[in-house]
Structures are given as C-alpha cells and as structure tokens.
Amino acid sequence: MDGTTALDSVLRQAHVARLSLVNGFGADGEIRVGLSDPTESAQFRRAMAVESLPGFHCMCGGDVRFELFDRHGERLAVVVLHHGATLRWGQWESDAVLADGCLLLAWLAGHGMPGPRQQFEADRQRAEERSEEERSRLAAMPAGLEGTAVVEELPGGLRSTDAADGG
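Rules used throughout
- Residues numbered from 1 in each chain as written.
- Predicted model: local features only at pLDDT ≥ 70, side-chain atom pairs only at ≥ 80, totals over all residues.
- Heavy atoms only, no water.
- Axes fitted to C-alpha atoms, helices over the stretch in contact; angles between N-to-C directions.
- Helix = DSSP H or I, 4+ residues; strand = E, 2+ residues; numbered from the N terminus.
- Parallel < 35°, antiparallel > 145°, perpendicular 65-115°, else oblique.
- Contact = heavy atoms within 4.5 Å.
- Nonpolar A, V, L, I, M, F, W, Y, C, P; charged D, E, K, R; others polar.
- Buried < 20%, exposed > 50% of the residue type's maximum accessible area, 1.4 Å probe, protein only.
- Polar contact = N/O pair within 3.5 Å; in protein donor to acceptor, adjacent residues only side chain to side chain.
- Core = buried A, V, L, I, M, F, W, Y, C linked by side-chain atoms within 4.5 Å.
- Salt bridge = Lys/Arg side-chain N within 4 Å of Asp/Glu carboxyl O.
- Pairing = 2+ DSSP bridges.

## Looking at the packing of helix α2 (residues 38–47) against helix α3 (residues 101–110)
Logical step 1: Look at α2 against α3: their axes get within 8 Å of each other, and the N-to-C directions meet at 140°. Here α3 runs oblique to α2, going by the angle between their axes. Where α2 abuts α3, its residues Glu40, Gln43, Phe44, Arg46 and Ala47 lie against Leu103, Leu104 and Trp107.
Logical step 2: Looking at the contact of α2 with α3 residue by residue, the class counts come to five nonpolar, one polar and two charged.

## Regarding the side chain of serine 94
Logical step 1: Here serine 94 shows up in the loop between β6 (86–89) and β7 (96–98).
Logical step 2: Given a relative accessible area of 6%, serine 94 falls into the buried group.
Logical step 3: Within the structure, serine 94 has its side chain in polar contact with the backbone nitrogen of glycine 55 (distance 3.2 Å).
Logical step 4: Ignoring any residue separated from it by four or fewer positions in sequence, one finds serine 94 in contact with Leu53, Pro54, Gly55, Phe56 and His57.

## Remarks on the environment of alanine 14
Logical step 1: Checked against the element boundaries, alanine 14 lands in the loop between α1 (3–13) and β1 (16–21).
Logical step 2: If near-sequence neighbours (up to four positions away) are discounted, alanine 14 is found in contact with Leu35, Leu68, Phe69 and Leu76.

## Remarks on unusual backbone geometry
Logical step 1: A positive phi angle, near 55°, is found at histidine 83, a position not held by glycine.
Logical step 2: Following the sequence through the fold, histidine 83 ends up in the loop between β5 (75–82) and β6.
Logical step 3: Taking the relative accessible area as the measure of exposure, histidine 83 reaches 36% and is therefore partly exposed.

## A closer look at the nonpolar core
Logical step 1: Core analysis: the largest hydrophobic core is formed by 31 residues, its most contacted members being Phe66 and Leu87.
Logical step 2: Leave out the neighbours within four places in its chain, and leucine 87 touches Leu7, Met48, Val50, Val79, Val80, Leu81, Trp92, Asp95, Ala96, Leu98 and Leu104.

## Examining the pattern of salt bridges
Logical step 1: Taken as a whole and judged by the stated rule, the model has seven salt bridges.
Logical step 2: Linking arginine 12 and aspartate 8 is a salt bridge whose minimum nitrogen-to-oxygen distance equals 3.2 Å. With arginine 12 and aspartate 8 both in helix α1 and four residues apart, the pair spans about one turn of that helix.
Logical step 3: Under the relative-accessibility criterion, aspartate 8 is labelled partly exposed at 22%.
Logical step 4: Taking the shortest distance from any N to any O, the salt bridge between arginine 75 and glutamate 67 comes out at 2.9 Å.
Logical step 5: Under the relative-accessibility criterion, glutamate 67 is labelled buried at 8%.
Logical step 6: Where salt bridges share partners, they join Arg18, Arg65, Glu67 and Arg75 into one cluster.

## A few points about the pairing of strand β2 (residues 31–34)
Logical step 1: Side chains Ile31 and Val33 project from β2 onto a buried face, and the interleaved Arg32 and Gly34 project onto a face without burial.
Logical step 2: With four bridges joining them, β1 and β2 adopt antiparallel strand pairing. Paired with leucine 19 across the two strands is isoleucine 31, which belongs to β2.

Below you can see the structure in the form of structure tokens.
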C-alpha cells in the first residue's frame with residue numbers, strides 16, 4: 001500500500017473522530033464527529049486526502065489532533081494537522097502534504113472548530129504583507145545591488161529578505 005493512501009484505509013474504518021486543539025488557540029475545545037454516515041465519512045476522507053510525503057517534519061506540535069476510533073471504540077490512529085497544510089501520523093516517516101488543506105480547514109469550521117482556519121488566514125495575510133514589504137525593499141535597492149539580496153525561507157512558508165552581509 002502506497003504511503004499516501006495508507007491513512008485513507010484507516011479513515012474508511014473510522015466511526016468516530018475526536019478533534020481537539022493542540023496549542024489551545026481559541027475556545028473550540030474538543031469535538032466528536034460521527035463518521036458512520038457514508039456522506040460524512042466521504043467528506044472527511046476527501047478533506048484528509050494526502051498528496052505527497054516529501055520527507056520533512058514540521059518542528060511544532062501541530063494545531064489539531066484527530067483521534068480516530070472504530071465502531072467498538074478502539075483507537076485506530078492519532079493524526080495531527082500542522083499549519084493547515086500537512087498531517088503527522090506515526091505510520092509515516094515524514095509529515096504528509098494535504099491535497100487541499102483549505103478543504104480540511106473548512107471541514108473543521110463546519111464542525112464547530114473555526115479557530116484553525118482563522119489562524120491560517122491570519123498567517124497567510126501576514127505572509128502577503130511581508131511579501132509586499134520584500135518587493136518594496138528590493139525595488140528600493142540601488143542599481144547594481146539587486147543580486148546581493150538574500151531571500152531566506154522561514155517556517156510556515158514565510159520569507160525574509162536581507163542584504164547578503166546579514167544586515
């Protein structure tokens with residue numbers, strides 16, 4: 001079985017998902033979602049679909065913890081959402097990139113947990129503002145110095161622009 005489809009095999013067996021915030025953002029608390037309805041299960045599986053396993057691990061503890069239980073109440077798996085974009089599961093050697101992180105964030109919001117989507121949108125807005133600031137700084141550089149700018153990738157896809165000498 002392909003690593004990107006392994007989680008879906010577990011999700012097919014899940015009858016209950018217990019969702020809780022890892023970092024305490026907002027007041028969403030813990031939510032239980034029944035997955036025995038085929039439509040609900042299909043929506044959840046689609047939202048949790050994995051695109052790839054690129055071989056990296058986020059360094060944070062994550063945002064939302066999904067505990068998945070079978071029809072007898074036995075825990076099948078614990079999966080943690082990171083930054084609305086990746087999942088961590090003990091059966092993988094790395095974090096997995098979601099096929100559509102926004103779909104999972106919308107699913108969470110639709111089930112009474114809007115905080116992760118709000119945080120994701122706030123982070124994206126800050127990143128866009130930083131990107132605009134970066135473009136302005138680069139445009140203001142004197143002619144001949146354009147190639148000396150260093151663009152550094154920061155956690156969460158953020159970028160920092162500094163002069164090559166670290167200043």
